[in-house]
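So you can see what is in the structure, the chains are spelled out below.
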Amino acid sequence: MIDIKQTDKSFVANTYNRFPVEIVSGKGSIVKDSLGKEYIDMGSGIAVNSFGVSDHVWIKAVTEQLSNLQHTSNLYYTEPCAILAKMLCEKTGMNKVFFSNSGAEANECAIKVARKYASDKKGKDYHTIITLKNSFHGRTITTLSATGQEHYHELFNPLTPGFVHTHANDFDALIKVAEANKTAAIMMECVQGEGGVISLNEDFVKSVADYAKEKDIILIIDEVQTGNGRTGELYAYMNYGIKPDIVTTAKGIGGGLPLGATLLSEKVENVLGFGDHGSTFGGNPVCCAGAISIISRLDRAFLDDVKSKSEYIFNSFLGAEGVKSVSGMGLMIGIETEKPAGDIVKKCIEKGVLCLTAKNKVRLLPALNIDNKTLEKAIDIIKEVCAE
Ligand SMILES: *Cc1c(COP(=O)(O)O)cnc(C)c1O
């Protein structure tokens, strides 16, 4: 029999330090490895499997589309792409959607739109994009430049020019940066995910949104991780009562298939014209059919249930032995533990729970529909490991 771990080590590029587990199948929030061991999945493939593994509604939507047409090209119309775009616009009040395949690409599109808008409106030198320190916006050279974490940059210079990073939750500092540069856009995550599951302050987000509007600076909210029901609202910005000019998303939108979306408000809906941007796979009918089956189920009752699960998780960990603090929003939770987060995650795997880390924290991103019993069981195990 072929040794998968060894074969992977030999032939797959060395960019992932994988855990010694080969996942082969699953149902809902339970996944199974090649030895038949079961795990409760508290990471859902990094907030991707919104309804867990092999959800039957999603499978039906995807396989029905697959048996009709797997791909055409963006030279032609397809129904799932149009229906999904309409659905996203109706649920957000945005006006148009550009589809791509990943979070980084969704952000690339947003950056292009913002730069073209500013260039058309204010002049070619208005190209600076302000992002926050500790942010994460992707791995392409341009989205790495947007990412406000030096250690991602060091090996890849020169990066794309025109990005400036400022401290989160410091509005005065942001204004200084905005005024010292010819600023096209401000881009931020409402909850910094990779940065340690840290929610931005409501005052800061509101002030930034008001300031951007006043100065005609494009406000881009990166909802790649926070979006699609993750925080208990369809998009995290909705928790803050703001209206961004551009919203980017990916991860959970396709329920496990690669799809990125850049949502454009009225102000910027026509900034890009024919030929200004494109993607071969973007808006793929199978991925869009999967996304329709996810987005259409994120109604108020479902989102309220996400919120109550969140409350339950917060209450379970607050004050628990070995736990220093709990942060985040909805089903996007960071637990600061007394022991190193990496050690906790390893121990949890042994005990049959898959969790993630973010900086110094244990990060939980369970499927949005995880049942309460399974959730309780996972929390008990994680708490037990934290207390050991
Ligand atoms: C994951 C992530 C990205 C990058 O998404 P990819 O699909 O990996 O390109 C961008 N922004 C945020 C906030 C993310 O969490």
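Keep in mind that this is a model prediction, so the values were computed, not measured.

J.: Before we move on, could you go through the packing of aromatic side chains and cite the residues and values that matter?
T.: Evaluation of the coordinates by the stated rule reveals three aromatic pairs. Judged by centre distance (5.1 Å) and plane angle (25 degrees), the ring pair of F51 and F302 falls under stacked. Linking F51 in the loop between α2 (44-47) and α3 (56-68) with F302 in helix α11 (residues 300-317), this pair joins segments that are 251 residues apart in sequence.

J.: Summarise the site of the ligand; cite the residues concerned and give the values.
T.: Taken together, S102, G103, A104, N107, F136, H137, G138, E189, D222, V224, Q225 and K251 make up the full set of residues adjacent to the ligand. Between the ligand and F136, the relevant distance is 3.3 Å, taken from a nitrogen atom to a main-chain nitrogen or oxygen of the residue. Here the ligand has 380 Å² of accessible area as a free molecule, and 82% of this is covered by the chains. Take the shell around the ligand: its biggest share by element is three residues, from helix α5 (residues 103-122). Grouping the constituent residues of the shell around the ligand by class yields three nonpolar, six polar and three charged.

J.: Residue-level account of the sheet that holds strand β16 (residues 356-358), with values.
T.: Spatial ordering of the open sheet is given by β13-β14-β17-β16, a layout of four strands whose pairing is antiparallel. This sheet does not close on itself; its edge strands, each paired only once, are β13 (323-329) and β16. Across the sheet, the mean angle separating the axes of adjacent strands is 30 degrees when strand polarity is ignored. Pairing analysis gives four bridges linking strand β14 (residues 332-337) to strand β17 (residues 361-364), with the strands arranged antiparallel. In the sheet register, G334 faces β17, and the bridge partner there is R363.

About the cut-offs
- All chains use their own residue numbering, which begins from 1 and follows the written sequence.
- Local features in a predicted model are, by the rule used here, given only for residues with pLDDT of at least 70; side-chain atom pairs are given and counted only at 80 or more, and totals for whole chains, interfaces and linings are based on all residues.
- Think of the side-chain values as coming from all heavy atoms in the structure, minus any hydrogens and water.
- Planes of paired rings set the category: under 30 degrees apart is stacked, over 60 is edge-to-face and the rest tilted, where pairs are Phe, Tyr or Trp rings (Trp by its six-membered ring) whose centres lie within 6.5 Å.
- In this text, helices come from DSSP runs of H or I with a minimum length of four residues, and strands from runs of E with a minimum of two, each type numbered from the N-terminal end.
- For each residue, the test is whether any non-hydrogen atom lies within 4 Å of the molecule or strand; if one does, the residue is near.
- Within 3.5 Å is the distance limit for a polar contact, defined as a pair of N or O atoms, with the added protein rule that one can donate a hydrogen and the other accept it, and that residues adjacent in sequence qualify only through two side-chain atoms.
- Here, Shrake-Rupley sampling with a 1.4 Å probe gives the accessible areas, and only protein chains in the shown set may cover a residue.
- Under the scheme applied, nonpolar residues are Ala, Val, Leu, Ile, Met, Phe, Trp, Tyr, Cys and Pro; charged residues are Asp, Glu, Lys and Arg; polar residues are all the others, including Gly.
- Note on pairing: two strands pair once DSSP finds at least 2 bridges between them.
- Orientation is described by lines fitted to C-alpha atoms, with helices fitted over the stretch in contact, and by angles between N-to-C directions that extend from 0 to 180 degrees.

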